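The primary structure of each chain is shown beneath.
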Amino acid sequence: MIKQLRLFFSLALGCLFFTPSEACTNFIVGSKASADGSVICTYNADDYGMFQNLAHFPAGLHAKGEMRKVFDWDTGIYHGEIPEAPETYNVIGNINEYQVTIGETTYGGREEMVDTTGILDYGSLIYITLQRSRSAREAIKVMTSLVEKYGYNSEGETFTICDANEAWIMEMQGCGGDRKQKVVWCAVRVPDDAICGHANQSRIGVFSAYNTEVLHSKNVVSFARSKGWFKGKDKDFSWKEAYAKPNFEGRRFCEARVWSFFNHWTDMSRYLPWALGKDPDAEDMPLWIIPSRKLSVQDVETCMRDHYENTPLATDSTDIGGGIWQMPYRPTPLSFKVDGKKYFNERPTSTQQTGFTYVSQMRSWLPREIGGVLWFGNDDGNMIAYVPIYCGNTVQPECFNTPGADAVTFSDKNAYWVCNWVSNMVYPRYSQMFGSLKTVRDSLEQSWFAAQPAVETKAKTLYNSDKAAALKYLNDYSNDKAAEMLARWKKLAVYLIVKYNDMAVKPEENGVFKRTATGLGAKVARPGFPHSFAKELVKQTGDKFAVPEN
């Protein structure tokens, strides 16, 4: 995803491929794999230091000859300009008024394929396409036609492209500035009864192995042949083997996140050696699986909060890296050295580096502006409550678009900063404090999911007589819920300071802190070390802190 501060692992074998050390996660759920028939897709936009508002591009009509300037989404550097479309559609976040949603993860691929002369970077391409597409298929056509004409200025990218009926995964790379060939790409339709995912590692393999629709550029095989990267029969061509072959980092840091998502819904032990990344002969994972049951939006949100719990990759109290209070997070960078030997941290889906996160819900049986909901938050998905943002909204909540707030300017009116204020208190004292955050988070989300049917019934009734009134009602509702979240999070921040001050715990009853008969604060509890940490401490220090028996 965002590459403002991107670091790349230095790989062996002449650096044939490069893999981003920081990046994003996308999960995809087909309409027949979801509990209510929704198409669902997700995006954790991850990068340290990234600050993003909830994007908005209003619908518009444009005169012939009008041009659009393209600035790199990551750096703000000007790339050039392209003709504006005659008509553009309303976009809020990463969803448009036609319920088209586009997300991405960067996998890098062959470094020599990057085309620095291209006009369109991956981020600009996403938002320009959302403004020009009424379906996922149209989005694929728009994206590929734009880059084939104007060039693609980013590393290898995997895109999630969905609407209320279909879900697609598409991969794209430049051709290194080749004057005749701008780009190579391929797109695979995810079966309706399947779930899929990608997380910074190219996932599309042999096209002929997929019993579904596959689209690709005319040069997808010939370009690889011309470079000597593929020499077999066309039917045996594998995108990722030619352009972005998985290495240890690509499997352990990236594919493992997809493995864990799948593992929630079927037994993936067969593919654990692949996710662990160390066995060169391990069996590769499938591009998609059929889940053991149908997934709800809430189920998918849970997966966005995953730290490999209950798997061999779990990052919790199983080692001292989690600190005294066993946080399932690890500091950056992913790799580090001790006495000249290289080690690594796990990289789960839920990470402190998330700038924004969403779960997009798209429903074909509702009016389009009511059917599309972007459940959105600023900060780590585990540490936020996903707020419902309807796809026809034209006014962002103030907390997701706060004047004056940015990456180095705190504002208590801004969701990113208030949520980070809370999460950064919780991280180092996770087992002690997270339960309090989770209670608030889940209470808010449960109330919004419970209200959803009534809200949408009212909106549908209004829609039939006054569409503008219906859209305003939904927009006001979204903004009200965002304000509710922010207010509750500020209250949570104060509560955590009081409740857990000085590593002790203040008692409370019915939500009120206890006092003595004379009005003082009641005696605090002093829980000390969690037992697992105490054992590890004794293991490392021996009898240094042992109390004499006599």
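Just so it is clear, the structure is predicted and the values come from calculations on it, not from any experiment.

A. Examining the overall build of the protein chain more closely. Secondary structure assignment for the protein chain yields 12 helices and 23 strands. Over its C-alpha trace the protein chain gives a radius of gyration of 24 Å, about what one expects of a compact globule, namely 24 Å for 550 residues. Based on the C-alpha atoms only, the size of the protein chain along its principal axes is roughly 85 × 65 × 45 Å. Counted over contacts in the protein chain with a minimum sequence separation of 6, partners at least 24 positions apart contribute 70%. Entry remark: accessible area of the protein chain is about 23400 Å², with carbon and sulfur atoms responsible for 54%. Side chains of the protein chain carry 61 positive and 64 negative charges; the gap between the two charge centres is 0 Å.

B. Quick look at the packing of helix H9 (residues 415-426) against helix H10 (residues 430-465). At a closest axis distance of 8 Å, the pairing of H9 and H10 adopts a crossing angle of 145°. Contacts between H9 and H10 involve Val422, Met425 and Val426 on the former and, on the latter, Tyr430, Met433, Phe434 and Leu437.

C. Layout of the environment of aspartate 442. Topologically, aspartate 442 is positioned in helix H10. A distance of 2.9 Å separates a polar atom in the side chain of aspartate 442 from a polar atom in the side chain of arginine 441.

D. Main features of the sheet that holds strand E2 (residues 39-46). With respect to topology, seven strands assemble into an open sheet ordered E16-E14-E1-E2-E19-E20-E21, the strand pairing being antiparallel. Either end of the sheet is taken by a strand with one partner, and the two such strands are strand E16 (288-289) and strand E21 (387-390). One ladder, built from eight bridges, connects E2 with strand E19 (residues 354-362); its direction is antiparallel. Among the inter-strand pairings, alanine 45 is bridged to a residue of E19, identified as phenylalanine 356.

E. Examining the side chain of asparagine 345 more closely. By the element assignment, asparagine 345 lies in the loop between strand E18 (341-344) and E19. Looking at asparagine 345, the relative accessible area reads 12%, which means it is buried. Every residue in contact with asparagine 345, bar those within four places of it in the chain, is listed here: Phe253, Arg330, Pro331, Pro333, Leu334 and Phe336.

F. The pairing of strand E6 (residues 78-83), seen in detail. Two strands pair when backbone bridges link them, and strand E5 (residues 67-71) and E6 are joined in this way by five bridges, in the antiparallel orientation. Each bridged residue has a counterpart across the sheet, and for methionine 67 the counterpart in E6 is proline 83. Taken together, E5 and the strand that follows it, E6, pair antiparallel across an intervening segment of six residues, in which glycine 76 is found at a positive phi of about 80°.

G. Molecular detail of the pattern of salt bridges. Evaluated as defined, the whole model comprises 31 salt bridges. Between lysine 69 and glutamate 81 there is a salt bridge, with its nearest N and O atoms 3.7 Å apart. Separated by 12 residues along the polypeptide, lysine 69 in strand E5 and glutamate 81 in strand E6 bring together distant segments of the chain. Across the pair aspartate 319 and arginine 330 runs a salt bridge whose closest N-O atoms are separated by 3.0 Å. Taken together, the residues aspartate 319 in the loop between helix H7 (297-303) and strand E17 (335-338) and arginine 330 in the loop between H7 and E17 connect sequence positions 11 residues apart. A relative accessible area of 38% places aspartate 319 in the partly exposed class.

H. Examining helix H1 (residues 122-130) more closely. Along H1, nine of the nine residues are buried, which leaves the element largely enclosed by surrounding structure. When H1 is considered as a whole, its buried residues turn out to be Tyr122, Gly123, Ser124, Leu125, Ile126, Tyr127, Ile128, Thr129 and Leu130. Of the residues flanking the start of H1, the one acting as N-cap is aspartate 121, its side-chain oxygen 3.1 Å from the backbone nitrogen of glycine 123.

I. Layout of the packing of aromatic side chains. Tallying each qualifying case throughout the model produces 32 aromatic pairs. Taken together, a centroid distance of 4.0 Å and an interplanar angle of 10° make the contact between phenylalanine 27 and phenylalanine 261 stacked. Of this pair, phenylalanine 27 sits in strand E1 (residues 26-29) while phenylalanine 261 sits in helix H5 (residues 248-263); the two residues are 234 residues apart in sequence, bridging distant segments of the chain. The two residues phenylalanine 27 and phenylalanine 261 agree in class, both being buried. Ring geometry for tyrosine 210 versus tryptophan 288: centroids 5.5 Å apart, planes at 40°, classification tilted. Here tryptophan 288 lies in strand E16 and tyrosine 210 lies in the loop between strand E14 (195-198) and strand E15 (214-216), a separation of 78 residues in the sequence. You'll find tyrosine 210 and tryptophan 288 in the same group, each marked buried. A connected cluster of aromatic rings, assembled from ring pairs, spans Phe207, Phe223, Trp229, Phe230, Phe237, Trp239 and Tyr243. Above the face of the tryptophan 229 ring, arginine 110 is positioned so that its terminal group lies 4.2 Å from the ring centre. Geometry around tryptophan 325 places arginine 429 over its ring, the cationic atom sitting 5.8 Å from the centre.

J. Seen up close, a nonpolar patch on the surface. On the surface, Phe410, Trp421, Val494, Ile497 and Val498 cluster together into a nonpolar patch covering about 420 Å² of accessible area. A total of three residues in the nonpolar patch trace back to one element, the largest contributor, which is helix H11 (residues 467-499). With respect to the secondary-structure elements, valine 494 resides in helix H11. The class of valine 494 is partly exposed, set by a relative accessible area of 47%.

K. Structural detail: the packing of H1 against helix H2 (residues 136-150). The contact between H1 and H2 brings their axes to 10 Å, and the two run at 130°. Compared by their axis directions, H1 and H2 come out oblique. Read as a crossing pair, H1 and H2 show a hand that is right-handed. Facing H1, whose interface residues are Leu125, Ile128 and Thr129, H2 presents Ala139, Val142, Met143, Leu146 and Val147. Partitioning the contact of H1 with H2 into residue classes produces seven nonpolar, one polar and no charged.

Rules used in this analysis
- Residues numbered from 1 in each chain as written.
- Predicted model: local features only at pLDDT ≥ 70, side-chain atom pairs only at ≥ 80, totals over all residues.
- Heavy atoms only, no water.
- Helix = DSSP H or I, 4+ residues; strand = E, 2+ residues; numbered from the N terminus.
- Rg over C-alpha atoms; globule rule 2.2 N^0.38 Å.
- Contact = heavy atoms within 4.5 Å.
- Areas by Shrake-Rupley, 256 points an atom, 1.4 Å probe, with all protein chains shown as cover.
- Lys, Arg positive; Asp, Glu negative; His and termini not counted.
- Charge placed at Lys NZ, Arg CZ, Asp CG, Glu CD.
- Axes fitted to C-alpha atoms, helices over the stretch in contact; angles between N-to-C directions.
- Polar contact = N/O pair within 3.5 Å; in protein donor to acceptor, adjacent residues only side chain to side chain.
- Pairing = 2+ DSSP bridges.
- Buried < 20%, exposed > 50% of the residue type's maximum accessible area, 1.4 Å probe, protein only.
- Salt bridge = Lys/Arg side-chain N within 4 Å of Asp/Glu carboxyl O.
- Phe/Tyr/Trp six-rings, centres within 6.5 Å; stacked < 30°, edge-to-face > 60°.
- Lys NZ or Arg CZ within 6 Å of the ring centre and 35° of its normal.
- Patch = residues over 30% accessible without salt bridge, like charges linked within 9 Å, V, L, I, M, F, W, Y side chains within 5 Å.
- Parallel < 35°, antiparallel > 145°, perpendicular 65-115°, else oblique.
- Left-handed = near helix turned anticlockwise from the far one by under 90°.
- Nonpolar A, V, L, I, M, F, W, Y, C, P; charged D, E, K, R; others polar.

It is worth stressing that arrangement in space is one thing and function is another; only the former is reported here.
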